[in-house]
Amino acid sequence: MTKVTMTVNGKTVAKEVRGNTLMTEFLRDELRLTGTHVGCDTSQCGACTIHVNGLNVKACTIFAAECDGAEVGTIEGQANADGSLNVIQQAFQDHHGLQCGFCTPGMVMAAASLLKDNPKPSEAEIRHYLEGNICRCTGYHNIVKAIMAASGQDVSVIAAE
Ligand code: FES
Ligand code: FES
């Protein structure tokens, strides 16, 4: 076992972990932050997307021990301080960017990373960025629309479905 200390959504946490404990297991089982979903465990679906030191990371691809000392962000840390939905989450709601919701935490985390690096992405840039995030329900159309709306752009440029 190894002791790891990291900041998760602004709070310092310290735990003993096995060397092979994945971040998905650490977040969900040790910290009970179950908003980080596990859709494949093989780095394909993006449902487990989190932020580690400001980077978009699939939590099933990284060990908890590798995050020792890191700043980690999960979907639970995305809401505004008063608990209201942040601009991306609200846009997903407004534009029906989800159906079953399984992929949604990963989509919101990926969108947050994209908009941090590229505040006004084009439709093509959004679609390209989301290549690592799979949604089995929406056909992506309304997800793209939501991200475009969250960036303050006119969603009418996206063709009707
Ligand atoms: S659970 Fe990590 S990419 Fe699917
Ligand atoms: S909303 Fe169901 S998988 Fe995306």
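Note on numbering: residues in each chain are counted from 1, in written sequence order. Chains and ligands are labelled sequentially in the order written, the chains with letters from A and the ligands with numbers from 1. Given that this is a predicted model, residues contribute local features only at a pLDDT of at least 70 and side-chain atom pairs are listed and counted only at 80 or more, while totals for whole chains, interfaces and linings are drawn from all residues.

Novice: I keep staring at the sheet that holds strand S4 (residues 55-58) and nothing clicks. Help me out?
Specialist: The pairing of strands in a sheet comes from backbone hydrogen bonds and takes either a parallel or an antiparallel form. We treat two strands as partners when DSSP finds at least two bridges between them. Helix and strand definitions follow DSSP, with helices as H or I runs of at least four residues and strands as E runs of at least two, each counted in order from the N terminus. Pairing within the open sheet is mixed, and its five strands lie in the order S2-S1-S5-S3-S4. Each end of this open sheet is capped by a strand with a single partner; those strands are strand S2 (11-17) and S4. For this sheet the average axis-to-axis angle between neighbouring strands, irrespective of direction, equals 40 degrees. Bridge count for strand S1 (residues 2-8) against S2 is seven bridges, and the pairing is antiparallel. Across the sheet, Thr5 pairs through a bridge with Ala14, a residue of S2. Residues are scored as being in contact if the C-beta atoms we place from backbone atoms lie within 7 Å. The convention used is that axes are lines fitted to C-alpha atoms, helices contributing only their stretch in contact, and that angles between N-to-C directions extend from 0 to 180 degrees. On top of the sheet, helix H3 (residues 104-117) reaches strand S3 (49-52) and S4; it is set at about 40 degrees to S3, its chief contact.

Novice: Looking at this structure, how should I read the environment of Met107?
Specialist: Tracing the backbone shows Met107 in helix H3. Remark: the alpha-carbon pair of Met107 and His141, spanning 34 residues in sequence, is separated by 13 Å.

Novice: Where do I start with helix H1 (residues 23-30) in this structure?
Specialist: Working note: α-helix, 3.6 residues per turn, so residues spaced by three or four point in the same direction. Restricting attention to buried positions, one finds in H1 the residues Met23, Thr24, Phe26 and Leu27. At its buried positions, H1 is contacted by S2 and S3. Taken from the residues just after H1, Arg32 is the one with a positive phi, measuring 60 degrees. Whether a residue is buried, exposed or partly exposed follows from its count of other C-beta atoms within 10 Å of its own C-beta, namely 20 or more, 12 or fewer, or something in between, respectively; the C-beta atoms are built from the backbone.

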